[in-house]
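Here are the chains, one letter per residue:
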Amino acid sequence: MKEIKNNNKLLGLPDGYDIWCKEMISLIETAKYNAALNVNTELLALYWKIGSDIIKKQEEQGWGTQVVEQLSKDLSARFPDDRGFSSRNLWNMKRFANAYPLFPILQVPLAEIRERPILQVALAEFIEESKGIVQVPLAQITWYHHISLLPKVKNIAERAFYIMATAHEGWSRDVMLMQIANGYINAKGHSVNNFDRTLPPIQSDLARYTFKDPYNFSFLGTVALQNELDIEKKLAERITDFLLEMGRGFSFVGRQYHLTVDGDDYYIDILMYHLKLHCYVVVELKAVEFIPEFVSKLNFYISAVDEYVKSPEDKPTIGLLLCRTKSNTKARFALRGITQFTTLAPTSETGNNIFHPCATNSPENSYLCIGK
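Here is a short report on the structure shown in this document. Residue positions within a chain follow its written sequence, with the count starting from 1. Local features are withheld for residues below a pLDDT of 70 in this predicted model, meaning they are given only at 70 or higher, and side-chain atom pairs are given and counted only at 80 or more; totals for whole chains, interfaces and linings count all residues. Side-chain measures were taken over the full set of non-hydrogen atoms in the model, leaving aside hydrogen atoms and water.

### Some words on the overall build of the protein chain
Helices and strands together make up the secondary structure of the protein chain, namely 15 helices and 12 strands. In this scheme, a residue with accessible area under 20% of its type's maximum is buried, one over 50% is exposed, and one in between is partly exposed, where area comes from a 1.4 Å probe on protein chains only. Sorting the 372 residues of the protein chain into buried and exposed places 47% on the buried side. Summarising the internal contacts of the protein chain: among those between residues at least 6 apart in sequence, 64% fall at separations of at least 24. Accessible surface area values rest on a Shrake-Rupley calculation with a 1.4 Å probe, where residue burial reflects the displayed protein chains alone. Summing over all exposed atoms, the protein chain offers an accessible surface of approximately 18400 Å²; the carbon and sulfur share of this is 54%. Strands here mean DSSP runs of E at least two residues long; helices mean DSSP runs of H or I at least four residues long; both are numbered from the N terminus. Residue contacts follow a heavy-atom distance rule, with two residues in contact if any of their heavy atoms lie within 4.5 Å.

### Regarding the sheet that holds strand β3 (residues 133-137)
Pairing is antiparallel across the open sheet formed by three strands, whose spatial order is β1-β3-β2. Two strands bound the open sheet, and with one partner strand each, they are β1 (105-109) and β2 (127-128). The strands touched by helix α8 (residues 156-169) within the sheet are β1 and β3, with β1 carrying the most contacts at an inclination of about 135 degrees. The criterion for strand pairing is that DSSP finds at least two bridges linking the strands in question. Note on definitions: angles span 0 to 180 degrees between N-to-C directions of axes, and those axes are lines fitted to C-alpha atoms, for helices only across the stretch in contact.

### Digging into the packing of aromatic side chains
In summary, the pairing rule links any two rings of Phe, Tyr or Trp, Trp by its six-membered ring, whose centres are within 6.5 Å, and it sorts them by plane angle into stacked for under 30 degrees, edge-to-face for over 60 and tilted for everything else. All told, the structure shown has 13 aromatic pairs when counted by the stated rule. Pairing Trp 48 with Phe 103 gives two aromatic rings, centres 5.5 Å apart and planes at 15 degrees, and the pair type is stacked. Here Trp 48 is found in helix α2 (residues 17-61), whereas its partner Phe 103 is found in the loop between α4 (87-99) and β1, with 55 residues between them in sequence. Ring geometry for Phe 96 versus Tyr 100: centroids 5.2 Å apart, planes at 70 degrees, classification edge-to-face. On the basis of relative accessibility, which here comes to 0%, the residue Phe 96 falls in the buried class. The exposure class of Tyr 100 is buried, given its relative accessible area of 1%. Through pairs of rings, three or more aromatic residues link up here, namely Tyr 47, Trp 48, Phe 96, Tyr 100, Phe 103 and Trp 143. For a lysine, the NZ atom is tested; for an arginine, the CZ atom; a charge sits over a ring if that atom is within 6 Å of the ring centre and within 35 degrees of the ring normal. In this structure, Lys 22 is placed above the aromatic ring of Tyr 273, and the distance from its NZ or CZ to the ring centre is 3.7 Å.

### Here's the deal with the side chain of Ser 72
Position of Ser 72 relative to the elements: it lies in helix α3 (residues 65-78). At 2.7 Å, the side chain of Ser 72 and the backbone oxygen of Phe 85 are in polar contact. As used in this structure description, the phrase polar contact means that two N or O atoms lie within 3.5 Å; if the pair is within protein, one of them must be able to donate a hydrogen and the other to accept it, and residues adjacent in sequence are counted only when both atoms belong to side chains.

### What about the pattern of salt bridges?
Every case where a carboxyl oxygen of Asp or Glu lies within 4 Å of a side-chain nitrogen of Lys or Arg is listed as a salt bridge. In the structure shown here, the tally under the stated rule is four salt bridges. Measuring nitrogen to oxygen at the nearest pair gives 2.9 Å for the salt bridge that ties Lys 49 to Asp 53. One end of the pair, Lys 49, and the other, Asp 53, are both in helix α2, four residues apart, so they sit about a helical turn from each other. The exposure class assigned to Lys 49 is partly exposed, which follows from its relative accessible area of 44%. Exposure remark for Asp 53: the relative accessible area of 34% places this residue in the partly exposed category. We note a salt bridge from Lys 131 to Glu 128, for which the minimum N-O separation is 3.4 Å. Accessibility expressed as a relative area gives 56% for Lys 131, which makes it exposed.

### Quick look at the side chain of Lys 310
Locating Lys 310 in the fold gives a position in the loop between α14 (293-308) and β9 (318-325). When charges are counted, neither His nor the chain ends are considered; positive counts come from Lys and Arg and negative counts from Asp and Glu. No salt bridge is formed by the buried Lys 310. Its closest oppositely charged neighbour is Asp 306, at 5.1 Å. Looking at Lys 310, its side chain comes within polar contact range of the main-chain oxygen of Asp 314, at 3.5 Å.

Structure follows, in C-alpha cells:
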C-alpha cells in the first residue's frame, strides 16, 4: 500500500516530487518541440511561396509542365544536397498552395465544426466565435505529413482535426495514415458518458476527449482465444504500441499492480497515469462480453487506488474496463442513476483485435470507464 509515496520517502524525496518531475519533463519536451516548429514553419512558408508562384505563372502566363521540370533541374543543380526540389515535390508545392490559400492557417467555417461535437472539442483552442471561423496553424505538422494528408482527407474540417491530432499525439506520418485508415475521427471522444452532467464544461470536454471508442489492439495479433493474462502480458511487452493506442498523456505505471486491503492481496491488471488529467487510470481487461457485475470490481480498485496510491495533488482516479464485446443497452443501464463522473465506450470489430471501452463511475468522485 502507498508504494509510490513510500518510495519517495525512502529516497528522501518530498511528497509531490513525482508530479513536479513530470511537469519538468513536459516543459523540456515543449521547448524542443517549439524549436523544431520554428524550422518547420520556415520550410512550409518557402514551399508555399514556390507553389504559389507556379500557380501564378501558369494562370497569368500560361506556363506549362516543361517550365516546372526545368525549374526542378536548375534548383537541384544549385542545391545538390537538398532533395526537396524534385519535380514531384514542386507539384506537391502547387497542391499545397492550392489547398491552403490563406497560409499559414487553415480556415474552417465554424458552422461545419458545430455539426460534429468531437471537432468542437478537438479544435476548441482555435475557434474564433466573433468571426464564426476556426483557424488552425498549418505549421503544427511537417511537410511530409501535409503531402500525405491532402489526398487522404478531402473535407477541410476533418483535415483540420487530423492536423491537430497529429501534432497533439506526436504521430509519425505512417502512424497518422494508419489512424486515418482506422477511422480515428469516428472513435475519439465517442464513448457513452455522463461527464456533461457531472463535470464543469472544460473538465468534461477533456475527460470525454481522453477516451475513445473503440480501441484497436491489432498490434497484438488475433486475441480471440487469449485470456486476460495473455493479453495483459502482450500489452506490457508492446508498451510503446499500447501507449500510442491509448493516446498522448498516458504513462505506464505497472501491470499486476499489488494492493493490500485489510490483509488481502489484490492485483490491478494495468495501472497508468494521465499527465493532463493528473490522475491514475486503472485498466482492467476482460476477454469476454461486458456484464454489469464488472463495474463493482473496477469500482473497488478505483477506491483502493484513491485511498492507498493517490497523492493529495492527484485528481480522482479513472477506471477503464476493456471487454471483448458489449451491449450499449446494458452499458447504459449500468450507468443509469450513477451521479458520479462516468464514461462508457465500445470498440469496433476488426479481426477480433479491437476492444470496446465502456465506462462508468464510482463513488468518491472517481471515474470509471468500461469498454469492450
